[in-house]
Amino acid sequence: MEETFLQSVRFDGERLHILDQTKLPKVTEFLEITNIEDVWDAIKQLKVRGAPAIGIAAAYGLALGIKNAPESDFDTFYDYFRDKADYLATSRPTAVNLFWALNRMDARANAERGKPVNEIKKLLVDEAHLIRQEDENVCSSIGENALSLFKDGMTILTHCNAGGIATAKYGTALAPIYLAKERGMDIKVYADETRPLLQGARLTAWELKQAGIDVTLITDSMAAMVMQQGKVQAVIVGCDRVAANGDVANKIGTYGVALLAKAHNIPFYVAAPLSTIDLETKTGEDIPIEERAAEEITAGFGKSTAPEGIKVFNPAFDVTPHHLITAIITEKGIMHGNYSEELPRLFEK
Ligand code: MRU
């Protein structure tokens, strides 16, 4: 099982190796990045994508960005550091993991302020490694917790890609599926293709097939029929941000899937590491939703499929209201609906 996981973000001390997810599934190619601008670009262009992987890439990107920062004194260094962190924060707005990781790096820099700046730079690389390693452990725990909700022989539907390449390893929503396979359970998956960028077709279907999991690809519009015909017994998705009331932002189309699940009396689960939970954001309405270029819809993957100059609305994410979510699965356990009360408890020491 272990060998089926490609490490989508890896730092060798000099270069950041990023699996170029825009080239999948045809080509498996790693970018070798040595500067912060290319990390910004990789995040913006979705070469690295998925909330936890974005956070990990940003932490390493910041470590790269401060390589040439002045070392005379902490305050001069810190001004430079903040500049770079603020720059990375402009790459994508919705996944809170980006800001969470940059804040972790900021907190570490401040915690070490008494040390020489060249030492602090090394400690910030350590912090980025720690963020990566912790995510691996977190995904493994989410997998264990989520698997307790599934039974042998079940078929599950997922939307977008919340798999190994969207995280440090194992994924969030796909972690229980990998674990089930490891334990000899028979769990089948329907993967929504996920318009317009096809993360479901290009990434989820590819990842699961590689791991020998029984996966069937459908277009997004087929999910209703698949549910109506009783082909799936649960839905599980990842997410980019959970608001304090349990509203969840995830890939565009997720809200529709949640409504369908409700209509067909199928449980709708969200897998969310604590790094994706944002108690500062009160409700889904407060979550910034990224809008992307019209060409992703009018000329997806280079083929023109719409009239020249047509008006386009292309939000990359939508918000699923908490009342449609049967449970939110975290590394610290499963919450079943009383999110406003339960989410803050997760952060109590
Ligand atoms: O635009 P993307 O591909 O970065 O969107 C990714 C998703 O919506 C994922 O479901 C989410 O980030 C969770 S990844 C564990």
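Please read all numbers here as calculations on a predicted model, not as lab measurements. (Residues numbered from 1 in each chain as written. Predicted model: local features only at pLDDT ≥ 70, side-chain atom pairs only at ≥ 80, totals over all residues. Heavy atoms only, no water.)

A. Summary view of the sheet that holds strand E12 (residues 317-320). Here we have 4 strands laid out as an open sheet, ordered E11-E8-E9-E12, and mixed in their pairing. The open sheet terminates on both sides in strands that have one partner only, identified here as strand E11 (277-278) and E12. Where strand E9 (residues 248-251) meets E12, 4 bridges bridge the pair, whose relative direction is antiparallel. Residue pairing across strands places Val 248 opposite Thr 320, the latter belonging to E12. Where helix H9 (residues 254-263) meets the sheet, it contacts E9 and E12, and its direction lies at approximately 35° from that of E12. (Pairing = 2+ DSSP bridges. Helix = DSSP H or I, 4+ residues; strand = E, 2+ residues; numbered from the N terminus. Contact = heavy atoms within 4.5 Å. Axes fitted to C-alpha atoms, helices over the stretch in contact; angles between N-to-C directions.)

B. The site of the ligand, seen in detail. Residues in contact with the ligand amount to 18 residues; listed here are only the nearest, Arg 49, Ala 51, Arg 92, Asn 250 and Lys 251. Residue Gly 50 places a main-chain N or O atom 3.1 Å away from an oxygen atom belonging to the ligand. Lys 251 places a side-chain nitrogen or oxygen 2.7 Å from an oxygen atom of the ligand. Because more than half of its atoms lie within 2 Å of the grid, the ligand is assigned to the largest cavity. Residue assignment for the shell around the ligand shows that the elements contributing at least two residues are helix H2 (51-65) and E9. Along the lines of polarity and charge, the residues of the shell around the ligand split into 8 nonpolar, 6 polar and 4 charged. Both of domain 1 (9-139) and domain 2 (142-348) provide at least three residues apiece to the shell around the ligand. (Near = heavy atom within 4 Å. Polar contact = N/O pair within 3.5 Å; in protein donor to acceptor, adjacent residues only side chain to side chain. 1 Å grid on protein atoms, 1.4 Å probe; cavity = no way out; pocket = protein on both sides within 12 Å on 5 of 7 lines; lining within 4 Å. Sits in = over half its atoms within 2 Å of the grid points. Nonpolar A, V, L, I, M, F, W, Y, C, P; charged D, E, K, R; others polar. Domains from an automatic or database assignment.)

C. Summary view of the layout of surface pockets. The computed volume of the largest pocket comes to approximately 260 Å³. Forming the boundary of the largest pocket are 13 residues, of which Thr 22, Gln 45, Leu 197, Glu 296 and Phe 301 lie nearest the centre. Taken together, domain 1 (9-139) and domain 2 (142-348) each give at least three residues to the lining of the largest pocket, which thus spans both. The volume enclosed by the second largest pocket comes to roughly 200 Å³. Along its surface, the second largest pocket is lined by Val 96, Phe 99, Trp 100, Asn 103, Leu 274, Ser 275, Ile 277, Asp 278, Leu 279, Glu 280 and Phe 347. Only helix H4 (96-111) and E11 provide two or more residues apiece to the lining of the second largest pocket. Ranked by residue count, the leading element in the lining of the second largest pocket is H4, at 4 residues. Split into classes, the residues belonging to the lining of the second largest pocket amount to 7 nonpolar, 2 polar and 2 charged. (Points joined across faces, edges and corners; volume = space filled by probe spheres on them.)

D. Quick look at the packing of H2 against helix H5 (residues 117-147). At a minimum axis separation of 8 Å, H2 and H5 run at an interaxial angle of 170°. The angle between H2 and H5 places the two elements in the roughly antiparallel class. In the crossing of H2 with H5, the sense of the turn from one axis to the other is left-handed. Contacts between H2 and H5 involve Pro 52, Ile 56, Ala 59, Tyr 60 and Ala 63 from the first element and Val 125, Ala 128, His 129, Ile 131, Arg 132 and Asp 135 from the second. (Parallel < 35°, antiparallel > 145°, perpendicular 65-115°, else oblique. Left-handed = near helix turned anticlockwise from the far one by under 90°.)

E. Fine view of the nonpolar core. In this structure, Leu 16, Phe 77, Phe 81 and Met 105 are the most contacted members of the largest nonpolar core, which totals 42 residues. Elements that contribute at least two residues to this core include exactly strand E1 (9-11), strand E2 (16-19), strand E3 (30-33), helix H1 (36-44), H2, helix H3 (74-88), H4 and H5. Formed by 30 residues, the second largest nonpolar core is a distinct cluster that contains Ala 146, Ile 156, Tyr 170 and Ile 329. (Core = buried A, V, L, I, M, F, W, Y, C linked by side-chain atoms within 4.5 Å. Buried < 20%, exposed > 50% of the residue type's maximum accessible area, 1.4 Å probe, protein only.)

F. Expanded view of helix H11 (residues 339-346). Of all the positions in H11, only Tyr 339, Leu 343 and Leu 346 are classed as buried. Projection of H11 onto a plane perpendicular to its axis shows the buried side chains occupying an angular sector of 55°, all on one side. (Arc of directions from axis to C-beta.)

G. Structural view of the environment of Ile 165. Take Ile 165: it is sitting in the loop between strand E4 (155-158) and helix H6 (175-182). The exposure class assigned to Ile 165 is buried, which follows from its relative accessible area of 2%. Sequence spacing of Ile 165 and Leu 19 is 146 residues, and the spatial spacing of their C-alpha atoms is 8.2 Å. Not counting residues within four places of it along the chain, the set of residues in contact with Ile 165 comprises Leu 6, Ser 8, Leu 19, Gln 21, Leu 24, Arg 49, Ala 53, Leu 203, Trp 206 and Glu 207.

H. Representation of the pattern of salt bridges. In the structure shown here, the tally under the stated rule is 23 salt bridges. For Glu 112, the salt bridge goes to Lys 115, with nearest N and O atoms at 2.6 Å. The salt bridge partner of Arg 292 is Glu 296, with a shortest N-O separation of 2.7 Å. Here the salt bridges share partners, and the residues they tie into one network are Arg 104, Arg 108, Glu 112, Lys 115, Glu 127 and Glu 134. (Salt bridge = Lys/Arg side-chain N within 4 Å of Asp/Glu carboxyl O.)

I. The arrangement of empty space enclosed by the protein in detail. As enumerated under the stated definition, the model contains 3 cavities of 30 Å³ or more in all. Taken as a whole, the largest cavity holds about 190 Å³ of empty space. Forming the walls of the largest cavity are 24 residues, and the residues nearest its centre are Arg 49, Gly 50, Ala 51, Asn 161 and Asp 240. Contributions of two or more residues to the lining of the largest cavity are made by H2 and E9. The leading source of residues in the lining of the largest cavity is H2, at 3 residues. Within the lining of the largest cavity, the residues separate by chemical class into 11 nonpolar, 9 polar and 4 charged. The two domains that each donate at least three residues to the lining of the largest cavity are domain 1 (9-139) and domain 2 (142-348). The volume enclosed by the second largest cavity comes to roughly 70 Å³.

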